[in-house]
Structure formats: structure tokens, C-alpha cells
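# A look at the structure
What follows is the residue order along each chain.
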Amino acid sequence: MRKFDYIIVGSGLAGLYAAYKASLKGSVAIITKSFVRESNSFNAQGGIAAVTSHDDNPQIHKSDTLIAGRGLCEESAVDILVNEGPDRIEEIIADGMKFDTENGALALGLEGGHHKRRILHAGGDSTGKWITEFVISKVSEKENITLYENTTLLDLLIADNTCYGIRCWSENPALEEDKDERQDGNEVLIYADHVFLTSGGTSAIYARTTNPQTTIGDGLAIAYKAGCRIIDTEFIQFHPSGLYLNDSPKAFLISEAVRGEGAHLMGKNGKRFMVPIHELAELAPRDIVARSIYKQMQKDGMPYVTLSLKHLNKEEILNRFPGISAKCKEFGYDLTESIPVAPAAHYTVGGVASNLNGKTDINHLYVCGEIAATGIMGANRLASNSLIECLVFAHRAVEDSVKSGAHTQIPEFEKEYYMDRSNKDFYVELKEKVSAIMNAHAGIVRSEEGLKEGLKKIEELATALVMQRKVAGNVPVKEFYEDASWRLLIVASLIMNPALLRKESRGGHYREDYPCTDESFEVHSVQQIGKEITTAPVNDNYLNF
Ligand SMILES: Cc1cc2nc3c(=O)[nH]c(=O)nc-3n(C[C@H](O)[C@H](O)[C@H](O)COP(=O)(O)OP(=O)(O)OC[C@H]3O[C@@H](n4cnc5c(N)ncnc54)[C@H](O)[C@@H]3O)c2cc1C
């Protein structure tokens, strides 16, 4: 039996930091679908929000977070974020993390929805890369952490509402000996006292996204199937400014920090359209900017609007955004002039219900990072609050796991005989169809008619995907890609079902048939397998378990 004290699923900031912290308590296995650096975290640009300057304080950070969250934030979680964030920053700086400085002090950026400069950044616009590399360096110093790349979570090993480990599909030679000779598949079981799901969000289920293709909500679907409550998944943050590249689905992100430094959004007529819409103009909360861009694109009959930096100091822009300007150049654009941008699916606001210590509805199963619904983000994430959430809640979850203790006994689980990848073409085709449905029916502007149509199409795809258990050598087997296809359909439904029921507009959920916010919907949506969708009051007790 391959057993560790901790299994961490995912190698983004939440996973890596949890692994580092957990290694101070016991042995750790990190499994990650692709390579260790393939994550949203690695791609993060703008920075990490925490109060570090004298003219700022946690109360202002809290107030900005609550405003962005549009009435759905859990205040107890936000309090923890804004008060413990500075401690985690101090800790990683003391450990050797280098943030950008200016005249010997931390250089602080400004982003949408923040009323103070509090965004720490590194490498100019490569904060995610720098912070992830920093934690990877810490993780690789630890002999009790084993990293398994190319290893995908398939399922959780659960008995009596307790998690004992994971079932995964591994192409990592280090796990070769755990595979079964009777099958030509790559199924491996790994056991642990504590399992951390840190597998990120769902945004790559959309056709136009800033996320890598690994971010399709596997953890969400698997936690749902296992019985965890799923909270507020109708709220998807569309980033206002993905570089527009001739109909390409991949949207390279133009960080909000670029607008923070003074870039202007212009319509076809060369005029700034955000000024009459919001007092913070281009720095209004993301949902407002994204929707305004969408409307401007419709008005102009264009697939993008223009982000102009012509009026700013060229040298300063190139120094502040070396990565973004180099990438723009690669695509034939000059960041110091103007570039075409359009919104793209970016961040999953809701997720798996988590208490203030990352605990889920299943014993010994924790969630941290983008997959977790701690209640911090409410209906809409405040820019740069997610990297700091990864640090704060991964730390808390590891501390809490010590209280949960080790398993006294571990039941033995059978393999399910997953087979080879023969259905890959089917999966790729299905993924394209699901992504198109999500963009068309559950995108930046939604309606009852559109969502019903989208759900109908997902149901039709589900009917077409009748998973038949095959038999090989007298053993019933499952197909790896059939399973992956199911997960996509589950995630699509988890986003669209509550979106249909939420007959209002709020944060990352905008209904053109219900364009106003309705107080009676100031509640969380709650989905749990085998039950009707329900709601839970804000600041009450969905976190209180
Ligand atoms: C382009 C971009 C820029 C951003 N900029 C900022 C910013 O400046 N500031 C900020 O605060 N936030 C930013 N964000 C958001 C932020 O990066 C993410 O919310 C955060 O990094 C999430 O971290 P995570 O560890 O939870 O997940 P991720 O970093 O997404 O990591 C998830 C990991 O899980 C793995 N995984 C997924 N499924 C499986 C599976 N089935 N089995 C095994 N492994 C699996 C993935 O491969 C990945 O390694 C940005 C996001 C993007 C996409």
C-alpha cells in the first residue's frame, strides 16, 4: 500500500504551499495532472493583495473585498484573509521571497476595486511565476515531499464519509510498480491521512479563457460526486482584458495592473467609454468593466475594444510590464501604443464548500485555493485576492489537519480497472462542444432561454455519452476519457443549473432578463448530489461545520 500523511492534488500555489507547510508535519505526495509549473498560479501576473503600508489597513481591504463580493461574502472568512494575509507575506519574505521594491520599500500596485495601493508584485508582471518558483524551490528542498507529475485525480477513496486517499491515472514511471498487470491502463491507488484538493477552478471549460487547459473543474466534479456541497458556482469572473487574437480561444491576459497604471479603454470612436459608467472608470470592479466592454463590442459591431497606453511614459510601461510587453510583441502588438482586448473566462468564484480551515463535508478531505468556496469572493472576486487566499487558507488547513489526526485503520479499496485512452478523439470533440455551449449560453450575459437551451444541449451530450462498462479478461473496465467526459458535463451543469435559478444579476452572474440585483437572492446557492438545489443565508452557517 502506497501511503503518505498528506496527498495534495494540484501544483498551483495552494497545493505547493500546502505541501510545503504539511511537510513540517509529515510525509507528502503532490500529484499533478501535467507538469509542476502548469497552473493558473504560474501564469498570474498582477500580484498578491495584502496590507503592508502604513496608510492602508485591513478594514479598508475588507471593505473593498465586500464591495466587490456584492453581498455574498462571508465576513468571517474575509476577516481572516485581510488580517492573516500580511502575516503570510511577512513569512515568505523572511523565507526569501523577493517582491519588487522601489527606493528600498515594497513597490505597491493598484488594481480594480482597491482603494489603496496594496498589490505586491514580483518580476514586474510575473508575480505568479516568481512566487510559484519560490515555493517550488522550498518544496524541492524537502526530502519528505514526493512529486508525481503526469498523474490525474480520477476519484477519492471514501468510506463512511471519510476520505482515505485517491484513485488516479498516472503516466509517471515512479508509479509503474503500482499498476495492475491485468490491465493496460494506468490506474493507481494512493492512501493518506489527509487529502487536499487544490486542483483550481473551471474556466477552461469555456471556449475563450485565460486559463491553461488543465483547469476544467475535475476537483469540483469529483468532490460533488463524493457528496460535498457545491456553493455559488453560477458566479464566473470574466476578465475584462484578454488580448484578442483573431478568434483564437486562448486569451493571453493583459493584467488589470496595466489599467492600474493608467491605460484607457476606448470604443471604435476613440473615446473612453468607462468614464460615464463608473466613478473608478477603467478600474471599476471586474464584472462591471467586463460587461461594459461586452456591450461596447456589441454597439461597435467589433470582436474587441482598444486598450490604449499611448499617453503613458513608454519606458515606465516597458519596465513595469516586461513579460506582457514581450508577449504582445510576439503577437505583433506594441503595448506602449494600443492593443485589442476582449473579456475571457478567468476565475471560478464559487466551489466546494469549505469551512474557515479548509474542511469539507467529508472527513479528512480539505480544499484550498480556487476550488474552495470559503465565502471570501462572494459573488465576484476582488483582483489579486486569490493568490493571498491560497497562502492564508493552505496554512490554516494544514494546521487544522493536525487536529483531525491520523486514520487508525484504513479500509482496502479495489481498483476500478480504468483502461487506455481509446476515446480521446471523442473527448476532444466533446470538450469543444461543451466549451462552445458554455460561451454561448452561460457566458458574460445570460438569460432564461439561453441557459435552458444550454442545459438541454448538455443533456443531449450526456445521452450520447452512455458509459458502457466494458469487459477485458473477465474484469469490468472503465474508460479514462469517458470518465473525463462525464466530469465536463457535470461541471457545465453545476454552473448552469444555479445560474438558471438565480433570477437576478449580481457580480459574476448577469441575466439580461433580470438585469437588477434582487435582495431576495442575497443567498448562496447550494448543490449536493441527489438533492434539489437549495440556498443558504449569508454570514450564517454553511461554513460552520
Ligand atoms: C492569467 C492569469 C492571471 C492571474 N493573475 C492573478 C493575479 O495577479 N493575482 C491573483 O491573486 N490571482 C490571479 N489569477 C488567479 C489565480 O492565479 C488563481 O486563482 C490561483 O492561482 C489559483 O491557485 P490554485 O493553486 O488554487 O489553482 P491553480 O494554480 O490553477 O492550480 C491547480 C493545479 O491543479 C492541477 N489539476 C487540475 N486538475 C487535476 C487533476 N484531475 N489531477 C491532478 N491535478 C490536477 C492543475 O494542473 C494545477 O497544477 C490569475 C489567473 C490567471 C489565469
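So, here is what we can say about the structure in this document. (Residues numbered from 1 in each chain as written. Predicted model: local features only at pLDDT ≥ 70, side-chain atom pairs only at ≥ 80, totals over all residues. Heavy atoms only, no water.)

### A closer look at the site of the ligand
Near the ligand you find 38 residues, and of these Ser41, Gly47, Asp218, Glu370 and Ser386 are the closest. At a separation of 2.7 Å, an oxygen atom of the ligand approaches a polar side-chain atom of Glu370. In this structure, a nitrogen atom belonging to the ligand sits 3.1 Å away from a side-chain N or O atom of Arg381. The fraction of the free accessible surface of the ligand (1,000 Å²) that becomes covered by protein chains is 98%. (Near = heavy atom within 4 Å. Polar contact = N/O pair within 3.5 Å; in protein donor to acceptor, adjacent residues only side chain to side chain. Areas by Shrake-Rupley, 256 points an atom, 1.4 Å probe, with all protein chains shown as cover.)

### Points about helix H8 (residues 286–300)
Over its 15 residues, H8 runs 21 Å from end to end, which matches the ideal 21 Å to within 8%, given 1.5 Å per residue. Of all 15 residues making up H8, 11 are buried, and the element is well covered by its neighbours. Those residues of H8 not exposed but buried are Arg286, Asp287, Ile288, Val289, Ala290, Arg291, Ser292, Ile293, Gln296, Met297 and Asp300. With its phi angle positive at about 65°, Gly301 sits one or two positions after the end of H8. (Helix = DSSP H or I, 4+ residues; strand = E, 2+ residues; numbered from the N terminus. Expected span 1.5 Å × (residues − 1). Buried < 20%, exposed > 50% of the residue type's maximum accessible area, 1.4 Å probe, protein only.)

### Structural notes on the pairing of strand E1 (residues 3–9)
Counting buried residues in E1 gives five out of seven residues, a clear majority hidden from the surface. The pairing of E1 with strand E11 (residues 187–197) spans six bridges and is classified as parallel. In the strand pairing of E11, Lys3 is matched with Tyr191. Bridge count between E1 and strand E2 (residues 28–31): four bridges; the pairing is parallel. Looking at the pairing, Ile7 lines up with Ala29 of E2. Between the parallel elements E1 and E2, the chain passes through helix H1 (residues 13–22) in a crossover that is right-handed. (Pairing = 2+ DSSP bridges. Right-handed = clockwise from strand over helix to strand, strands pointing away.)

### Remarks on the sheet that holds strand E3 (residues 48–49)
One key point about sheets: their strands pair by backbone hydrogen bonds, in either a parallel or an antiparallel sense. Taken together, the three strands give an open sheet; going across it, the order is E3-E7-E6, and neighbouring strands pair in antiparallel fashion. Single-partner strands in this sheet number two, and they are E3 and strand E6 (108–109). Two elements, E6 and strand E7 (residues 119–120), share two bridges in a ladder whose sense is antiparallel. Each residue of the ladder has a partner; that of Leu108, found in E7, is Leu120.

### Looking at the environment of Ile166
Relative to the helices and strands, Ile166 resides in strand E10 (residues 162–170). Taking C-alpha positions, Ile166 is 38 Å from Lys327, a pair spaced 161 residues apart along the chain. Apart from the residues within four sequence positions on either side, Ile166 is in contact with Ile7, Val9, Ile31, Leu153, Asp155, Leu156, Leu157, Val188, Leu189, Ile190 and Val195. (Contact = heavy atoms within 4.5 Å.)

### Here's the deal with the sheet that holds strand E14 (residues 264–266)
The antiparallel open sheet is built from four strands, whose spatial order is E13-E16-E15-E14. For this open sheet the edge positions go to strand E13 (236–243) and E14, each flanked by a neighbour on one side alone. Averaged over neighbouring strand pairs, the angle between their axes works out to 40° when direction is ignored. Contacts between H8 and the sheet are confined to E13, E14, strand E15 (305–308) and strand E16 (338–348), with E13 contributing the most and set at about 60° to the helix. (Axes fitted to C-alpha atoms, helices over the stretch in contact; angles between N-to-C directions.)

### Concerning helix H4 (residues 75–95)
Here H4 contains 21 residues, and its C-alpha end-to-end distance of 30 Å stays within 8% of the 30 Å for a straight helix at 1.5 Å per residue. Maximal helix bending in H4 amounts to about 35°, located at Glu84; proline Pro86 follows within four positions. Where H4 is concerned, the buried positions are Ala77, Val78, Ile80, Leu81, Val82, Glu84, Gly85, Pro86, Arg88, Ile89 and Ile92. Buried residues along H4 sit in contact with H1, E3, helix H3 (58–69), E7, helix H5 (127–140) and helix H11 (385–404). Of the residues flanking the end of H4, it is Gly96, one or two places downstream, whose phi is positive at about 120°. (Bend = angle between axes of the 7 residues up to and from the residue.)

### Considering the packing of helix H6 (residues 218–226) against helix H14 (residues 480–501)
Following both chains from N to C, one finds H6 and H14 inclined at 85°, their axes separated by 9 Å at the closest point. In terms of orientation, H6 and H14 fall into the roughly perpendicular class. Contacts from Asp218, Leu220, Ala221, Ile222 and Tyr224 in H6 reach Arg487, Ile490, Val491 and Leu494 in H14. Considered class by class, the residues forming the contact of H6 with H14 number seven nonpolar, no polar and two charged. (Parallel < 35°, antiparallel > 145°, perpendicular 65-115°, else oblique. Nonpolar A, V, L, I, M, F, W, Y, C, P; charged D, E, K, R; others polar.)

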